[in-house]
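Topology and contacts: notes
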Amino acid sequence: MAEGSAASRYVKLRKEQAPVEDITPGELNQPIDVPQLNVRKCHECMQVLPETYEPPSDENWTTGIFACAEDPDSCRTGLFCPCVLYGRNIEAVREEIPWTQPCVCHAVCVEGGMALAAVTALFSGYIDPQTTVVICEGLFFAWWMCGIYSGLFRQELQKKYHLKNAPCDHCMVHCCLHWCALCQEHREMKNHLSDADASSSTTMDPPPVQAMNTEGNKDASSSSSSSSSPSSAKSQHNDLEMVPL
């Protein structure tokens, strides 16, 4: 009975059975994603940080809000083509968004609104006063919305580099000093990128080339030979024997 029970444990393979799936080389060595390990930790104490943790925004801006003259290129672009500068700033922060989309939106909302305000002021005598009031209210509302939208981008930039709200809230900065804020944000990103490039471009100097000094070796060999010659002469004198005549 024991032999029969032991033999029944084995399974006989038949030709009709389906073949086992082949395993490609390296399939079992793929990395495994463990959600418990994908956590943020403090760089100093290595403690796990909560998901809602935000680093303190206590860094100062590298340039002031009115320091537009420090970067003449961005100053000229922000003065004559602010939509282009705004698009480049958005593209630098959000790489997935091309600069043309925010550029067109800025041109339609801000530059278009300014053009409409100028036309309304020029032809105010030919337009009904109530219509003028409605246009002005719409322009103020559009300007406020543009300031809020641009302020959200400034807030994202502040979170990225841990910057303070200077000189005031991010939305108020764009509502009151929109062109200066665009130039300041461009200078800030430019300065941080230059610092990152400088830190990543550190080079290691190769060790000095060591060459064989043949003349020194010759001098050393000649000095060693000269120093060894008296000893050899002494050894020859010591080997002499007295032979009787």
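Where an unreviewed UniProt entry is consulted, the chain appears under the name Cell number regulator 6, with the organism given as Raphanus sativus.

This part takes up the overall build of the chain. When helices and strands are counted, the chain shows eight helices and zero strands. Written out in order from the N terminus, the α and β elements of the chain read α-α-α-α-α-α-α-α. Taking all 245 residues of the chain together, 21% fall into the buried category. Pairs at least 24 residues apart make up 65% of the contacts formed inside the chain by residues separated by at least 6 positions. Accessible area for the chain stands at about 19,200 Å²; split by element, carbon and sulfur atoms hold 61% of it.

Judged by nonpolar contacts, the single largest core of 17 residues is most densely connected at I65, V93, F153, L157, Y161 and M189. At the level of elements, α3 (82–93), α5 (129–161) and α7 (178–200) are the ones that each hand at least two residues to this core. In terms of residues, this core owes the most to one element, α7, which gives five residues. Setting aside residues up to four positions removed in sequence, M189 forms contacts with N89, A92, V93, F153, L157 and Y161.

All right, on to the packing of helix α4 (residues 100–122) against α5 then. The description of two packed helices rests on the angle between their axes and on the distance between the axes. Viewed as axis vectors pointing N to C, α4 and α5 meet at an angle of 160 degrees, and their least axial separation amounts to 10 Å. Considering their axes alone, α4 and α5 lie roughly antiparallel with respect to each other. Handedness of the α4/α5 crossing: left-handed. Taking contact as the criterion, the partners of C109, V110, G113, L116, A117 and T120 in α4 are, on α5, T132, I135, L139, W143 and C146. Looking at the contact of α4 with α5, its residues break down into eight nonpolar, three polar and no charged.

Looking now at α5. Given a rise of 1.5 Å per residue, 33 residues ought to cover 48 Å, and the 48 Å separating the end C-alpha atoms of α5 matches this to within 8%. All of the buried residues in α5 are T132, L139, C146, G147, S150, G151, F153, R154, L157, Q158 and Y161. Within two residues after α5, H162 carries a phi angle of roughly 60 degrees, on the positive side.

Cut-off values and rules
- Throughout this description, residue numbers start from 1 for each chain and increase along the sequence as written.
- In view of the model being predicted, local features appear only for residues whose pLDDT reaches at least 70, and side-chain atom pairs are presented and counted only at 80 or more, with totals across whole chains, interfaces and linings using the full set of residues.
- By convention in this description, side-chain values take in all heavy atoms of the structure and omit both hydrogens and water.
- Each helix is a run of DSSP H or I of at least 4 residues and each strand a run of E of at least 2, with the numbering of both proceeding from the N terminus.
- Note on classification: 1.4 Å probe, protein chains only; a residue is buried when its accessible area is under 20% of the maximum for its type, exposed when over 50%, partly exposed between these limits.
- Contacts are assigned to residue pairs with any non-hydrogen atoms lying within 4.5 Å of each other.
- Using a 1.4 Å probe, the Shrake-Rupley method yields the accessible areas, and only the shown protein chains count as cover for residues.
- We call a set of buried Ala, Val, Leu, Ile, Met, Phe, Trp, Tyr and Cys residues a nonpolar core when their side-chain atoms join them within 4.5 Å.
- The axes used here are C-alpha line fits, helices contributing only the stretch in contact, and every angle between their N-to-C directions lies in the interval 0 to 180 degrees.
- Roughly parallel covers angles under 35 degrees, roughly antiparallel covers those over 145, roughly perpendicular covers 65 to 115, and oblique covers all other angles.
- What makes a crossing left-handed is the near helix being turned counterclockwise from the far one by less than a right angle; a clockwise turn instead makes it right-handed.
- Under the scheme applied here, ten amino acids are nonpolar (Ala, Val, Leu, Ile, Met, Phe, Trp, Tyr, Cys and Pro), four are charged (Asp, Glu, Lys and Arg), and all others, including Gly, are polar.
- Take the number of residues in a helix, subtract one, and multiply by 1.5 Å to get its expected span.

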